[in-house]
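Descriptive analysis of the structure
The primary structure of each chain is shown beneath.
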Amino acid sequence: MKIDFYQKAREAEAEIKSYYIHLHRHPELSGQEYKTQEWILGQLKKWKVECRSCADTGVYAVIKSGKPGHTVALRADMDALPVNEQTGLAWQSENAGVMHACGHDVHMAVLLGCIRILQECRDCLHGNIVFLFQPSEEQQGGARRMIEEGAMGDPKPEFIAAFHVWPQRAGSITCMPGPVMAQPDAFGIEIKGKGGHGASPHLCKNPIPAMAALMNAIGNITADAISAQETAVVNICRIQCGEKYNVVAETGYLEGTIRTYDADVRKKIIHRLEKLTKSIAEAWEMEGTYHMSSGYPATVNDKTAAHWAARVLQEKLKGAEILTEGEPAMLGEDFSYFGAQCPSLFLRLGCWKKEETKQYNLHSSCFEIDESILAEGTAAFCVLASEFAEKGFETDEDH
């Protein structure tokens, strides 16, 4: 592939930024991305790209070259957050209380830029390139619904990639193998005692001391039950018990989160939580009930894909900062559902502005990006898609 995608992305930079500005101005929450969907479909149809709606508010598109090759998929999430924007940008959100504070507007703009360029260059492409605009990443698991509706079917992707903007140097791209995002489970514990007057503790069974003992035990789970070589988080984030200073409540509640990368580690933690809940409640002559809500599976990058992508990007995007190591995050991502279908790669695209006073983390009401990353991300998407569609995972030996 002789096309200079970096040059093409730079030439289209103003147009790609216009996509970003439009999307940033009109954010929509999970499951409500109807106007976003309509606008994206309008762009794709204007460019004569094969496309359709998918998973209620999502979009499926594909470029079929008609030449032999491989099938690759690229994904961008669409939903915004219930955040009141405070950036002061000229293109600030026009939807009160809703903001693209997690960079999904960037992801969509980059994917649109990639589609526009690849469609213009389709005579030089091989294989098939699938594009997924996925709704409801923040809630509801839109990835799974897209899969159920055949988004990973015919043509079936052999590899899928996605970007997420990340608080690191603008334009830097991280292609790290192994765990990238954790499985975010939620748990709840109910301790049921016996209510009564605070002046008569001997006639009551106060849940609070039992809860305190349980909290202390839970705080030691990762040290006592999990190897130091493993990584996990067990964190109690909400406690509720009682309403008045002189009344012993009958029931107390604890809620928290479990974050893991490994299924066996997760299983050990859940078993320990269940056992501690029952045993400590019984020790205080109370009743303990444990329940949990499973989150998205952990997102784990395919090692072959990560090494291949790093090499290809370094070769094709001269001067780009390509990182091959990074610290896995304990955040959750439903991109993992796509990773269960074929080798996957979840890349990080550095987005921080040079001014330290404007370097805010994801989900902040002040979150901003350095707009130069729009062309960087677009070029990288074009390179990965075109190279894989033509050659697949060409190894170093083949190369």
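These notes cover the structure that comes with them.

The rules we used
Residues numbered from 1 in each chain as written. Predicted model: local features only at pLDDT ≥ 70, side-chain atom pairs only at ≥ 80, totals over all residues. Heavy atoms only, no water. Helix = DSSP H or I, 4+ residues; strand = E, 2+ residues; numbered from the N terminus. Buried < 20%, exposed > 50% of the residue type's maximum accessible area, 1.4 Å probe, protein only. Areas by Shrake-Rupley, 256 points an atom, 1.4 Å probe, with all protein chains shown as cover. Lys, Arg positive; Asp, Glu negative; His and termini not counted. Charge placed at Lys NZ, Arg CZ, Asp CG, Glu CD. Pairing = 2+ DSSP bridges. Contact = heavy atoms within 4.5 Å. Axes fitted to C-alpha atoms, helices over the stretch in contact; angles between N-to-C directions. Phe/Tyr/Trp six-rings, centres within 6.5 Å; stacked < 30°, edge-to-face > 60°. Salt bridge = Lys/Arg side-chain N within 4 Å of Asp/Glu carboxyl O. Core = buried A, V, L, I, M, F, W, Y, C linked by side-chain atoms within 4.5 Å.

The next thing to look at is the overall build of the protein. Scanning the protein for helices and strands turns up 11 helices and 16 strands. Dimensions of the protein, computed from C-alpha atoms along their principal axes, come out at roughly 85 × 50 × 40 Å. Across the 399 residues in the protein, those meeting the buried criterion constitute 54%. Counting only carbon and sulfur atoms, one obtains 47% of the accessible surface of the protein, whose full area is about 17800 Å². Distance between charge centroids for the protein: 1 Å, based on 40 positive and 54 negative side chains.

With 7 of 10 residues buried, strand β12 (residues 251-260) is to be regarded as a mostly interior element. Pairing between strand β8 (residues 183-192) and β12: 10 bridges, direction antiparallel. Along β12, the bridge assignment pairs Phe-187 with Gly-256. Bridge count between strand β10 (residues 232-241) and β12: 9 bridges; the pairing is antiparallel. In the sheet register, Ile-239 faces β12, and the bridge partner there is Leu-254.

Among the structural elements, Leu-317 can be located in the loop between α9 (303-316) and β15 (322-323). Judged by its relative accessible area of 2%, Leu-317 falls in the buried class. Residues Leu-317 and Gly-113, spaced 204 residues apart in sequence, show a C-alpha to C-alpha distance of 16 Å. If we ignore the near neighbours within four places in the chain, the residues touching Leu-317 are Tyr-6, Ala-379, Ala-380 and Val-383.

Next up on the list: the sheet that holds β8. Judged by pairing direction, the sheet is antiparallel, and its 4 strands sit side by side in the order β10-β12-β8-β13 without closing on themselves. The open sheet is flanked by β10 and β13 (287-293), the only strands paired with a single partner. Within the sheet, the average angular offset between the axes of one strand and its neighbour, ignoring direction, is 20 degrees. Contacting β8, β10 and β12, helix α6 (residues 207-219) runs over the sheet at an angle of about 170 degrees to β10. Helix-sheet contacts for helix α8 (residues 263-283) involve β8, β10, β12 and β13, and the interaxial angle to β13 is about 155 degrees.

This part is about the sheet that holds strand β6 (residues 173-174). Hydrogen bonding along the main chain pairs the strands of a sheet, whether they run parallel or antiparallel. Overall, mixed pairing links the 8 strands, which are arranged β1-β2-β4-β3-β5-β16-β6-β15 in an open sheet. The outermost strands of the open sheet, each flanked by one partner alone, are β1 (50-54) and β15. Judged from the 8 bridges that link them, strand β5 (residues 159-169) and strand β16 (residues 344-352) form a sheet pairing that is parallel. When the bridges of β16 are listed, His-164 appears paired with Arg-348. The strands that α9 touches are β5, β6, β15 and β16; relative to β16, the one it contacts most, it runs at about 50 degrees.

A word on the packing of aromatic side chains. Considering all chains together, one arrives at 14 aromatic pairs under this definition. Relative to Phe-388, the ring of Phe-159 has its centre 5.1 Å away and its plane inclined at 45 degrees; by these criteria the two rings are tilted. Taken together, the residues Phe-159 in strand β5 and Phe-388 in helix α11 (residues 373-391) connect sequence positions 229 residues apart. Look at Phe-388 and you get buried, because its relative accessible area is 2%. Arranged with centres 5.9 Å apart and planes meeting at 85 degrees, the rings of Trp-308 and Phe-388 form a pair that is edge-to-face. Of this pair, Trp-308 sits in helix α9 while Phe-388 sits in helix α11, and the two are 80 residues apart along the sequence. Like Phe-388, Trp-308 is buried.

Counted by the stated rule, this structure contains 17 salt bridges. Close ionic contact of Arg-145 with Asp-56 constitutes a salt bridge, the shortest N to O distance being 3.8 Å. Taken as a pair, Arg-145 in helix α5 (residues 142-148) and Asp-56 in the loop between β1 and β2 (58-64) lie far apart in primary sequence, 89 residues in all. Owing to a relative accessible area of 54%, Asp-56 belongs among the exposed residues under this scheme. Because the salt bridges share partners, they merge into one network encompassing Arg-75, Asp-77, Glu-333 and Asp-334.

Formed by 103 residues in total, the largest nonpolar core has its most connected members in Leu-44, Leu-118, Phe-131, Phe-133 and Leu-313. The element best represented in this core is α11, accounting for 12 residues. Those residues in contact with Leu-313 that sit more than four places away from it in its chain are Ile-173, Cys-175, Ile-322, Leu-347, Ala-380, Val-383 and Leu-384. Grouped together as the second largest cluster of nonpolar side chains are 25 residues, Leu-214, Ala-217, Ile-226 and Leu-273 included.

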